[in-house]
Number of protein chains: 2
Amino acid sequence: MTAPSIRARVRAELTEEIKSVARRHLATDGANLSLRAVARELGLVSSALYRYFASRDELLTALIVDAYRALGDAAEAADATATDTDLRGRWLAVCHAVRQWALHHPAEYALIYGSPVPGYVAPADTTASAQRVVLTLGGILLDAARTGRLTPPPTSAPPPPVRADLARLIAQYPDAADQGGRAAGSHDALTEEQLARGLAGWSQLFGLVSFEIFGRLEQVVDQRELYFDHQMRLMADLAGLP
Amino acid sequence: MTAPSIRARVRAELTEEIKSVARRHLATDGANLSLRAVARELGLVSSALYRYFASRDELLTALIVDAYRALGDAAEAADATATDTDLRGRWLAVCHAVRQWALHHPAEYALIYGSPVPGYVAPADTTASAQRVVLTLGGILLDAARTGRLTPPPTSAPPPPVRADLARLIAQYPDAADQGGRAAGSHDALTEEQLARGLAGWSQLFGLVSFEIFGRLEQVVDQRELYFDHQMRLMADLAGLP
DNA sequence: GTCCGTCAAGAGCGCTGCTCTCTTTTTTGA
DNA sequence: TCAAAAAAGAGAGCAGCGCTCTTGACGGAC
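Fair warning: this is a prediction, and the values are worked out from it, not measured in the lab. (Residues numbered from 1 in each chain as written. Chains lettered and ligands numbered in written order. Predicted model: local features only at pLDDT ≥ 70, side-chain atom pairs only at ≥ 80, totals over all residues. Heavy atoms only, no water.)

**As for the side chain of A:Arg132**
Residue and element names in this part refer to chain A.
Here is step 1 of the chain: Structurally, the position occupied by Arg-132 is in helix 7 (residues 132-146).
Here is step 2 of the chain: Within the structure, the side chain of Arg-132 is placed 3.3 Å from the backbone oxygen of Arg-69, a separation counted as a polar contact.
Here is step 3 of the chain: Polar side-chain contacts of Arg-132 include one of 2.7 Å to the side chain of Asp-73.
Here is step 4 of the chain: Among all residues touching Arg-132, those that are not within four sequence positions of it are Tyr-68, Arg-69, Gly-72, Asp-73 and Glu-76. (Helix = DSSP H or I, 4+ residues; strand = E, 2+ residues; numbered from the N terminus. Polar contact = N/O pair within 3.5 Å; in protein donor to acceptor, adjacent residues only side chain to side chain. Contact = heavy atoms within 4.5 Å.)

Here you go:
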């Protein structure tokens, strides 16, 4: 089993090559990806691809999984690069990393954050990857709250039913005791108000990136990067990051 | 010319009927709309449709134009229904109208705010309709600014290049002198800070609606309407609406 | 050295958007 | 009023699509 028989290796390589070509086609032709075109470019006949992916949907799923992973990697890497205690810097770094990844991989971004394919249902293994960005943002807020540096401006308070949803999310948050080396007490978690303001930053992040990727800022904003930076700073203000 | 010859009338009716059937197919099958299926349902042969729409793209364009118009109508109607001086109420009414329209027409919403079709370029006559929602929101902010009731919280200031973009947008804003019956002086326009905060509400609105329509809140937020309302209130806070 | 699993190829099915030609029906102009 | 013109629909056909099934050929294990 430790010996990855030659056959298995060349198979894995060709599988990657198929995905690579498919990714390139995706970038030019959009979501209407043609299996036959991919096969042609690889010098294969279309039916041969079915040895590697059971269907077109399965190939797309593989690309979606890879995209979530790449975006999650980029976000977490950006968070890790910034100074731990520079909370606002970490927040902005993650936001800019998401935007940069989207700008460099617009088709893959559209695949995961654009209109979903009607009949398509995301496999279970994608949901974990899909949450990595919001968990990264949440982790920054949590670090801020723990060190008592989350000082949000006075804003409207969420109504009780929303508070219940938010409380559930706070309880569901993966125990981050290992991050700070401290036991997670009740005063270590976010309040509902803090989470609500943080989630505003989450939807703002992807809303604005989608606007830019999908061309909705076309004749509205020219200074895209600076505008994005300013908007993310506004959301950091709202979240209460110093 | 005043007599709309019987033939022209039945043609207009059939054109509408084609769009209606196409809209229904869009709702179930998503963006992969089949001309042949639409023709079949109408008892026509596929080539007959080409008497009414030169191509599948042209049919989709007609649906897009209709969608922008319907969404713009809904937003403006909601704005008009609320009391003029209830600025926050108008803001929230417009936001909820956009959300409700999207919930009732998810496929059409995806058509105009989802991932764009790669080769597709929007015709010029859509851009005006596409701006109606943001102009409605801007009008509310402008009304607030004119009556001196825009009191935003202290937040980061936009850097000079962004200020230039914002100033251009303010200058481009259609002269709204007829709305208040007053001449538009310089003190009647929005400041760059005010516009930047208002635009945050704009991208937040569509970001959050897209999240909901595209299923990204699926196991995150259960109280969708109340959560949306709270988030829009947060953005009204940020914009400075009393 | 044989045998079995894997691989690529080819043919083919039903579907798609779109074009072209032909016939029928309706409108129009002298 | 009647023929010419315009418009509408039907049908055949082209190239492309995803996908299935069958047929040979090759390579590693016994």
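**With respect to the interface of chain A and chain B**
Buried accessible area, meaning the area lost when the parts come together, often serves as the stated size of an interface.
Here is step 1 of the chain: Contacts between the two partners involve 50 residues from chain A and, on the opposite side, 50 residues from chain B.
Here is step 2 of the chain: Summed over both partners, the interface of chain A with chain B comes to about 4,200 Å²; 64% of that surface belongs to carbon and sulfur atoms.
Here is step 3 of the chain: Of all residues in chain A, A:Phe211, A:Arg216 and A:His230 bury the most surface against chain B, accounting for 13% of the area lost on that side.
Here is step 4 of the chain: Connecting chain A to chain B are two salt bridges.
Here is step 5 of the chain: With its nearest N and O atoms 3.6 Å apart, the salt bridge here joins B:Arg168 to A:Asp222. (Buried area = accessible area lost by both parts, 1.4 Å probe. Salt bridge = Lys/Arg side-chain N within 4 Å of Asp/Glu carboxyl O.)

**Quick notes on the domain arrangement of chain A**
Residues and elements named next belong to chain A.
Here is step 1 of the chain: According to the domain assignment, chain A consists of domain 1 (1-54) and domain 2 (57-239).
Here is step 2 of the chain: The interface is formed by 11 residues belonging to domain 1 together with nine residues belonging to domain 2.
Here is step 3 of the chain: Interface of domain 1 and domain 2: buried area, both sides summed, is about 940 Å²; carbon and sulfur atoms make up 76% of it.
Here is step 4 of the chain: Counting the surface domain 1 buries against domain 2, the share from its top three residues, Arg-23, Leu-26 and Phe-53, is 50%.
Here is step 5 of the chain: The interface formed by domain 1 and domain 2 contains two salt bridges.
Here is step 6 of the chain: Here Asp-66 and Lys-19 are joined by a salt bridge, their closest N and O atoms 3.0 Å apart.
Here is step 7 of the chain: In this assembly, domain 1 and domain 2 are joined by three residue pairs in polar contact (both at pLDDT 80 or more).
Here is step 8 of the chain: Broken down by element, the residue count for the side of domain 1 that touches domain 2 peaks at six residues, all from helix 1 (residues 6-29).
Here is step 9 of the chain: The residue makeup of the side of domain 1 that touches domain 2, split by class, is nine nonpolar, no polar and two charged. (Domains from an automatic or database assignment. Nonpolar A, V, L, I, M, F, W, Y, C, P; charged D, E, K, R; others polar.)

**What about the relation of the copies chain A and chain B?**
Two chain copies, one operation linking them: a rotation about an axis together with a shift along it.
Here is step 1 of the chain: Least-squares fitting of chain A to chain B yields an RMSD of 0.1 Å, with the transformation described by 0.0 Å of translation along the axis and a rotation of 180°. On the angle and the small slide along the axis, the relation comes out as a two-fold axis. Of the C-alpha atoms belonging to chain A, the one lying closest to the rotation axis is found on A:Gly207, 1.9 Å away.
Here is step 2 of the chain: Both copies share a contact surface, since 100% of the interface residues of chain A are interface residues in chain B too. (Least-squares fit on C-alpha atoms with pLDDT ≥ 70 in both.)

**Side note on the packing of helix 1 (residues 6-29) of chain B against helix 3 (residues 56-81) of chain B**
All names here are of chain B.
Here is step 1 of the chain: As a packed pair, helix 1 and helix 3 sit with axes 10 Å apart at the nearest point and diverge in direction by 85°. The orientation of helix 1 with respect to helix 3, classified from their angle, is roughly perpendicular. Mapping the contact onto sequence places Ile-18, Lys-19, Ala-22, Arg-23 and Leu-26 in helix 1 and Leu-59, Leu-60, Ala-62, Leu-63 and Asp-66 in helix 3.
Here is step 2 of the chain: Class assignment for the residues of the contact of helix 1 with helix 3 results in seven nonpolar, no polar and three charged. (Axes fitted to C-alpha atoms, helices over the stretch in contact; angles between N-to-C directions. Parallel < 35°, antiparallel > 145°, perpendicular 65-115°, else oblique.)

**Overview of the pattern of salt bridges**
Here is step 1 of the chain: With the rule as written, the count across this model stands at 36 salt bridges over all chains.
Here is step 2 of the chain: A salt bridge links B:Arg132 to B:Asp73; its shortest N-O distance comes to 2.7 Å. Here B:Arg132, found in helix 7 (residues 132-146), pairs with B:Asp73, found in helix 3; they are 59 residues apart in sequence, far enough to count as distant.
Here is step 3 of the chain: According to the relative accessible area criterion, B:Asp73 is partly exposed, its value standing at 38%.
Here is step 4 of the chain: Between B:Asp237 and B:Arg88 there is a salt bridge; the shortest N-O distance is 2.6 Å. Residue B:Asp237 is found in helix 11 (residues 224-239), and its partner B:Arg88 is found in helix 4 (residues 87-104); the two are separated by 149 residues along the sequence. Accessibility classification places B:Asp237 together with B:Arg88 in one group, the buried group.
Here is step 5 of the chain: Residues joined by salt bridges that share partners form a network here, namely A:Glu16, A:Lys19, A:Arg23, A:Asp66 and A:Arg69. (Buried < 20%, exposed > 50% of the residue type's maximum accessible area, 1.4 Å probe, protein only.)

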